Amino acid sequence: MDLKDAKREINPGDHRNDGSLILGKPLPALHDAEGNEVPESLPPIVDAHVHLFPEVFFRAIWRWFDQFGWPIRYKLKSAEVLEFLLARGLSHIVGLHYAHKPGVARKQNSHMIRLCRKFAQLSGAATVFPGEKDAKKILADGFRDGLCGVKLHSHVQCFDMDSEGMHEIYRVCMEHDKPLVMHVGREPRSPASKCDSYLLCSAAQLEKVIRGYPELKVCVPHLGGDEFKAYQRLIRDYDNLWLDTTMTLAGYMQGFSGPPLEEMRVDRIMYGSDFPQLPYAWDRELKKLSELGLSRESLRLILNQNAIEFFSIKGFQESG
Ligand SMILES: [Zn+2]
């Protein structure tokens, strides 16, 4: 068979023989209807996973997503992202970003610090490129200026969880009592990434980290996708691991959903949206969450209490 034909037979969103999702060509936009405000039945909401970057980084990320991931529906700048979500009734937002190469983290962290000073309902995380010169100082300076934790992304930063640069970050987080959010699930895997997430990421490797550093608080986004079952077990067995729900409730990517939330340890799960990097309506997952039949207490934990504790959010106030 001609290679071109072989390529045509692969559809984004399908699964490979090894079970992984294919994200070679962009997935389609959904064009689903969006609400004007958060569903009324839900308790106050902390979105534990919103992306905020300086504009030049946002533009590069949007170009990448449009070409290899999915069409980004909300191409908003950082302040607009915050204004958009707060105007629709979110109570608090955790801002995340990641440095794609050494030397840019300080600029990104300064941007986040400025936003935090402007928006009282924002808690912003620091980032750093694992192993870069001054990594320790970059993070310590960010924490001194009020950043609430660290965000890393293995598919972009291509780090080995067991490298010296990563052990340095684990130690800095513990010394400053700051949590670490790291995308170390294997999906969504893209052939356009510079590294193979199936080689770098696994629940087994993450387990070594949380076992080796029991004082380190870690959150893995996307419920650990695609190793949902393994992560369900890990949050049961380890008190220092949390998961966020980003994109797993949307029913957007085939096979990218976890076990029913009520079967998981709900005091370790945080609602996160991945806004604005979404191909569907901003409130799609909130609506789904409101229809799951979860108890009021479970919803409260998932939608605010767990994030308030994980990120040490001070002075949380319900919106409206
Ligand atoms: Zn994200």
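Residues numbered from 1 in each chain as written. Predicted model: local features only at pLDDT ≥ 70, side-chain atom pairs only at ≥ 80, totals over all residues. Heavy atoms only, no water.

The protein chain goes by Amidohydrolase in an unreviewed UniProt entry, where it is assigned to Candidatus Desulfacyla euxinica.

Undergrad: Describe the layout of surface pockets, with residues and values.
TA: Each pocket or cavity is described by its volume, and for the largest pocket that value is around 670 Å³. Together, 27 residues line the largest pocket, and I61, W64, F65, Y98 and V156 are the ones closest to its centre. Elements that contribute at least two residues to the lining of the largest pocket include exactly β1 (46-51), α2 (55-68), β4 (150-153) and α6 (154-157). Along the lines of polarity and charge, the residues of the lining of the largest pocket split into 13 nonpolar, 11 polar and 3 charged. (1 Å grid on protein atoms, 1.4 Å probe; cavity = no way out; pocket = protein on both sides within 12 Å on 5 of 7 lines; lining within 4 Å. Points joined across faces, edges and corners; volume = space filled by probe spheres on them. Helix = DSSP H or I, 4+ residues; strand = E, 2+ residues; numbered from the N terminus. Nonpolar A, V, L, I, M, F, W, Y, C, P; charged D, E, K, R; others polar.)

Undergrad: Which residues make up the environment of M112, and what values do they have?
TA: Within the element layout of this structure, M112 appears in helix α4 (residues 105-118). Considered as a pair, M112 and P54 are 58 residues apart in the sequence and their alpha carbons are 8.5 Å apart. Setting aside chain neighbours within four positions, we find M112 in contact with L52, G95, L96, H97, G124, A125 and L147. (Contact = heavy atoms within 4.5 Å.)

Undergrad: I'd like to hear about the coordination of the zinc ion, residue by residue, with values.
TA: Taken together, the protein donors to the zinc ion comprise H49 (NE2), H51 (NE2) and D274 (OD), at separations of 2.0 to 2.1 Å. Between the donor residues of the zinc ion, the gaps in sequence give the motif H-x1-H-x222-D. Residue H51 is found in strand β1, and its partner D274 is found in the loop between β8 (269-270) and α11 (284-290); the two are separated by 223 residues along the sequence. For the pair H51 and D274, one class covers both residues: buried. (Donors = N, O, S within 2.8 Å, 3.2 Å for Na, K, Ca; no water. Buried < 20%, exposed > 50% of the residue type's maximum accessible area, 1.4 Å probe, protein only.)

Undergrad: Let's hear about the packing of α4 against helix α5 (residues 135-144): which residues, and what values?
TA: Orientation of α4 relative to α5, taken along the N-to-C sense of each, is 5°, at an axis distance of 10 Å. By the angle between their directions, the pair α4 and α5 is classed as roughly parallel. Here α4 contributes A105, R106 and N109 to the contact with α5, which in turn contributes K137, I138 and D141. For the contact of α4 with α5, the per-class residue count stands at 2 nonpolar, 1 polar and 3 charged. (Axes fitted to C-alpha atoms, helices over the stretch in contact; angles between N-to-C directions. Parallel < 35°, antiparallel > 145°, perpendicular 65-115°, else oblique.)

Undergrad: With reference to specific residues and values, describe the side chain of T245.
TA: Within the element layout of this structure, T245 appears in the loop between β7 (241-244) and β8. Judged by relative accessible area, T245 falls into the buried class, the value being 0%. Engagement of the side chain of T245 in a polar contact is seen with the backbone nitrogen of G272, the distance being 3.2 Å. Excluding residues that lie within four positions of it along the chain, T245 makes contacts with L223, I269, M270, Y271, G272 and E285. (Polar contact = N/O pair within 3.5 Å; in protein donor to acceptor, adjacent residues only side chain to side chain.)

Undergrad: I'd like a rundown of the nonpolar core, residues and numbers included.
TA: Ranked by size, the top nonpolar core spans 95 residues in total, and within it M182, L206 and L241 carry the most contacts. The contact partners of L206, leaving out residues within four places of it in the chain, are M161, M182, V184, V218, V220, Y231, L234 and L241. Listed in part, the 15 residues of the second largest apolar core include V181, W242, F310 and I313. (Core = buried A, V, L, I, M, F, W, Y, C linked by side-chain atoms within 4.5 Å.)

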